[in-house]
Amino acid sequence: MGRLRKLLIPGVDKKLLVRDAVKTMPELTRRRFITAGTSLGALTLLTGCDVVDSSSAEELLKKVSKFNDAVQAWMFNPDALAPTFPESMITKPFPFNAYYGLDEAPEIAGADWKLEVRGLVDNKKSWTLDELYKLPQVKQVTRHICVEGWSAIGSWTGTPLRDFLKLVGADTHAKYVWFQCADKDGYNSPLDMGTALHPQTQMTFKFGDEILPRAYGFPMKIRVPTKLGFKNPKYVLSMEVTNDYKGGYWEDQGYNSFSGS
Amino acid sequence: MTSLAVGDHQAETATPAKVIQPVWVRMVHWINAFAMILMIMSGWQIYNASPLFGFSFSSNITLGGWLGGALLWHFAAMWLLMVNGLIYLALGFATGRFRKKLLPITPAGVISDTKAALTFKLSHDDLSKYNSVQKLLYTGIIVVGVVIVLSGLSMWKPVQLHWLVSLFGGYDIARYVHFTCMALIVAFLVIHVALALLVPKSLRAMIIGR
């Protein structure tokens with residue numbers, strides 16, 4: 001196979017080519033390219049040719065992913081509701097899932113916590129948990145679908161995000177609501193305004209009729225049944241209404257940013 | 001400019017070899033082969049993130065390096081696969097190729113041709129006519145191709161296309177359907193490639209047309 005490849009690209013040393021390409025990349029890109037690289041290795045082995053080097057393939061894939069964001073935004077129907085299920089179908093135990101173990105999950109003292117509201121809103125006051133608990137709440141039993149492929153049905157109760165955005169006088173023509181969280185390494189995630197205004201998008205305070213446990217994001221998570229799980233931030237500290245795309249923990253590493261269901 | 005070359009050319013056009021595979025078939029075939037391999041290899045990497053069964057695919061045969069990379073490949077190659085597939089279906093129906101080449105399929109024909117194939121008595125003299133086993137496999141793989149795209153779409157958009165998910169009996173079942181279709185395509189691929197190598201002129205027909 002090696003000899004075949006040399007025959008196909010005479011005079012080009014593949015390893016040197018890649019090393020040169022890596023050198024021209026900025027530090028951050030290089031790190032991601034190495035840790036999260038979209039390996040072409042197996043394909044090269046299979047076809048015996050190496051017509052594209054990995055970094056240009058990665059650039060192309062990023063462009064297609066942006067195109068897919070646009071396609072999904074176009075497909076998104078603000079009135080299409082995620083299917084709901086009877087309580088008997090709730091997955092027990094509902095899985096804890098994060099990029100860290102449960103013992104590393106944020107431990108937030110509810111009495112000290114305040115939700116910070118920033119950006120394009122009329123009222124930037126911070127909200128205590130008691131104040132938030134007084135807002136009207138609704139319950140939903142919906143399917144949480146993880147980017148990994150597994151899914152689980154859960155029961156979430158809280159205030160529709162669109163009601164809260166109205167309450168604080170948010171500019172609902174802005175592009176995103178950007179959440180920052182207390183997870184280690186600083187979790188964050190942008191939510192497009194269309195989805196933020198979806199009737200089932202919820203500021204969640206309860207799971208299974210009980211105060212949201214630490215495992216599922218106490219004191220507050222954002223439940224978005226029209227998005228993959230990683231677009232449902234937990235341990236939320238602040239929300240910012242913004243026109244800027246500020247990226248997100250997983251989005252920056254290559255998960256599709258819209259990731260709508 | 002040699003007269004010899006011109007003479008050769010004339011001789012060639014005077015008795016043209018029969019075109020077995022028209023150019024559009026060859027083009028969509030190889031584009032499909034490329035897209036399919038990208039989809040399968042990236043799909044195996046995605047599967048590894050949450051395996052349905054008690055095994056994972058070796059990273060030597062997967063594409064993408066990790067879940068995020070594999071998803072980028074999968075959701076890019078899907079466009080190639082889908083657009084190419086739709087062109088194939090449209091032309092297959094419009095040109096009458098499906099009707100002429102794939103029909104009729106009778107159980108008796110399939111049984112007798114399978115027997116003939118297994119005893120190496122199946123004739124390959126006229127590659128433009130498919131035998132019953134070929135008809136069955138090629139028709140079957142088109143159906144599998146349609147089902148794998150539909151089950152994939154329902155996993156990608158389980159809310160927007162919830163009616164499609166219901167058609168498969170739910171999100172979790174759609175995952176198994178998607179996996180099963182992949183397994184069928186891989187099985188087809190093994191047989192298809194093995195047979196093409198056994199009858200090399202069929203491979204030549206799919207490359208140069210005759």
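Residues numbered from 1 in each chain as written. Chains lettered and ligands numbered in written order. Predicted model: local features only at pLDDT ≥ 70, side-chain atom pairs only at ≥ 80, totals over all residues.

**Some points on the overall build of chain B**
Point 1. The helix and strand inventory of chain B stands at nine helices and zero strands.
Point 2. Overall, chain B is about 65 × 50 × 35 Å in size when its C-alpha atoms are taken along their principal axes.
Point 3. A buried classification covers 26% of the 210 residues belonging to chain B.
Point 4. Intrachain contacts of chain B at a sequence separation of at least 6 include 60% that bridge at least 24 residues. (Helix = DSSP H or I, 4+ residues; strand = E, 2+ residues; numbered from the N terminus. Buried ≥ 20, exposed ≤ 12 C-beta atoms within 10 Å, placed from the backbone. Contact = placed C-beta atoms within 7 Å.)

**Some words on the overall build of chain A**
Point 1. Secondary structure assignment for chain A yields eight helices and ten strands.
Point 2. Taken over 261 residues, chain A has a buried fraction of 37%.
Point 3. In chain A, the share of contacts with a sequence separation of at least 24, taken over all contacts with a separation of at least 6, comes to 69%.

**As for the pairing of strand 10 (residues 236-242) of chain A**
Side-chain direction in a regular strand flips from residue to residue, so the side chains alternate between the two faces of the sheet.
All names here are of chain A.
Point 1. Within strand 10, five of the seven residues are buried, leaving the element largely enclosed by the surrounding structure.
Point 2. By the bridge criterion, four bridges tie strand 1 (residues 114-119) to strand 10 in an arrangement that is parallel. Bridge pairing links Arg-118 to Glu-240 in strand 10.
Point 3. Here strand 5 (residues 176-181) pairs with strand 10 via six bridges, running antiparallel. Directly across from Tyr-176, in strand 10, lies its bridge partner Thr-242. (Pairing = 2+ DSSP bridges.)

**Observations regarding unusual backbone geometry**
If a residue is not glycine, its phi is most likely negative; likewise, a peptide bond is most likely trans.
Point 1. Omega for the peptide link from A:Lys92 to A:Pro93 comes to -5°, which places this bond in the cis form.
Point 2. As for its position among the elements, A:Pro93 is in the loop between helix 5 (54-75) and strand 1.
Point 3. Omega for the peptide link from B:Leu103 to B:Pro104 comes to -5°, which places this bond in the cis form.
Point 4. Note on placement: B:Pro104 falls in the loop between helix 4 (97-102) and helix 5 (107-118).
Point 5. The phi dihedral of A:Tyr235 falls on the positive side, at around 50°, and the residue is not glycine.
Point 6. Residue placement: A:Tyr235 occurs in the loop between strand 9 (221-223) and strand 10.

**Things to note about the interface of chain B and chain A**
Point 1. Contact with chain B, which involves 28 residues of that partner, is made by 30 residues of chain A.
Point 2. At the level of elements, helix 2 (23-49), helix 3 (67-94) and helix 8 (171-198) of chain B are the ones that each hand at least two residues to the side of chain B that touches chain A.
Point 3. Partitioning the side of chain B that touches chain A into residue classes produces 16 nonpolar, nine polar and three charged. (Nonpolar A, V, L, I, M, F, W, Y, C, P; charged D, E, K, R; others polar.)

**Here we look at the confidence of the model for chain A**
Point 1. Considering every residue of chain A, the mean pLDDT works out to 86; 80% of them sit at 70 or more.
Point 2. Low pLDDT, under 50, characterises residues 26-39 of chain A; the stretch is placed with 28 contacts to residues that sit more than four places away or in other chains. (pLDDT = per-residue confidence, 0-100.)

**Notes on the packing of helix 5 of chain B against helix 6 (residues 132-156) of chain B**
Residue and element names in this part refer to chain B.
Point 1. Relative orientation of the contacting elements helix 5 and helix 6 amounts to 110°, with a least axis distance of 7 Å. One way to sum up the angle between helix 5 and helix 6 is to call them roughly perpendicular. Where helix 5 abuts helix 6, its residues Gly-109, Val-110, Asp-113, Thr-114 and Ala-117 lie against Ser-132, Val-133 and Leu-136.
Point 2. Here the contact of helix 5 with helix 6 is built from residues that sort into four nonpolar, three polar and one charged. (Axes fitted to C-alpha atoms, helices over the stretch in contact; angles between N-to-C directions. Parallel < 35°, antiparallel > 145°, perpendicular 65-115°, else oblique.)

**A few points about the nonpolar core**
Residue and element names in this part refer to chain A.
Point 1. Membership of the largest hydrophobic core comes to 31 residues, with the highest contact counts inside it found for Val-177, Phe-179, Cys-181 and Val-236.
Point 2. Elements with a contribution of two residues or more to this core: helix 7 (161-167), strand 5, helix 8 (193-196), strand 7 (202-207) and strand 10.
Point 3. The biggest single contributor to this core is strand 5, with five residues.
Point 4. The residues touching Val-177, leaving out its near neighbours within four places in the chain, are Leu-191, Met-193, Ala-196, Met-239 and Val-241. (Core = buried A, V, L, I, M, F, W, Y, C linked by C-beta atoms within 7 Å.)

**What to know about the packing of helix 2 of chain B against helix 3 of chain B**
Residues and elements named next belong to chain B.
Point 1. One can describe the packing of helix 2 onto helix 3 by two numbers: an axis separation of 8 Å at closest approach and a directional angle of 150°. With respect to each other, helix 2 and helix 3 are oriented roughly antiparallel. Crossing handedness for the pair helix 2 and helix 3: left-handed. (Left-handed = near helix turned anticlockwise from the far one by under 90°.)

**Considerations on the environment of A:Val141**
Residues and elements named next belong to chain A.
Point 1. Structurally, the position occupied by Val-141 is in strand 3 (residues 138-145).
Point 2. Distance from Val-141 to Met-239, taken between C-alpha atoms, is 24 Å for residues 98 residues apart in sequence.
Point 3. Excluding residues that lie within four positions of it along the chain, Val-141 makes contacts with Thr-84, Phe-85, Glu-87, Ile-90, Ile-153 and Ser-155.

**Concerning helix 8 of chain B**
Point 1. Taking 1.5 Å per residue as the helical rise, helix 8 of chain B with its 28 residues ought to reach 40 Å, and the 41 Å between its terminal C-alpha atoms agrees with that figure.
Point 2. Among the residues making up helix 8 of chain B, those that are buried are B:Tyr171, B:Ala174, B:Arg175, B:His178, B:Cys181 and B:Met182.
Point 3. Contacts from the buried residues of helix 8 of chain B go to strand 3 and strand 4 (151-160) of chain A together with helix 2, helix 6 and helix 7 (162-168) of chain B. (Expected span 1.5 Å × (residues − 1).)

**Describing the sheet that holds strand 6 (residues 188-192) of chain A**
Sheets are built from strands that pair by backbone hydrogen bonding, the pairs being arranged parallel or antiparallel.
Residue and element names in this part refer to chain A.
Point 1. Read from one edge of the open sheet, five strands run 2-1-10-5-6, paired in mixed fashion. Looking at which strands have only one partner, the edges of the open sheet turn out to be strand 2 (127-128) and strand 6.
Point 2. The pairing of strand 5 with strand 6 spans five bridges and is classified as antiparallel. Across the sheet, residue Trp-178 finds its bridge partner in strand 6, namely Pro-190.

**What about the confidence of the model for chain B?**
Residue and element names in this part refer to chain B.
Point 1. The pLDDT averaged across chain B works out to 89; a share of 92% of its residues lies at or above 70.
Point 2. In this model residues 1-14 is a low-confidence stretch, pLDDT under 50, and it forms zero contacts with partners more than four residues away in sequence or in other chains.
Point 3. In the predicted complex, the global pTM is 0.84; the interface-specific ipTM is 0.85.

**What to know about the environment of A:Gln200**
Residues and elements named next belong to chain A.
Point 1. Here Gln-200 shows up in the loop between helix 8 and strand 7.
Point 2. A residue is classified by how many C-beta atoms lie within 10 Å of it, and Gln-200, with 21 of them, is buried.
Point 3. Separated by 25 residues in the primary sequence, Gln-200 and Pro-225 place their C-alpha atoms 6.8 Å from one another.
Point 4. In contact with Gln-200, other than residues within four places in its own chain, are Leu-81, Ala-82, Gln-140, Thr-142, Pro-225 and Thr-226.

**A few points about the environment of B:Trp66**
Point 1. Tracing the chain through its elements places B:Trp66 in the loop between helix 2 and helix 3.
Point 2. Using a count of 19 C-beta atoms within 10 Å as the deciding quantity, one classes B:Trp66 as partly exposed.

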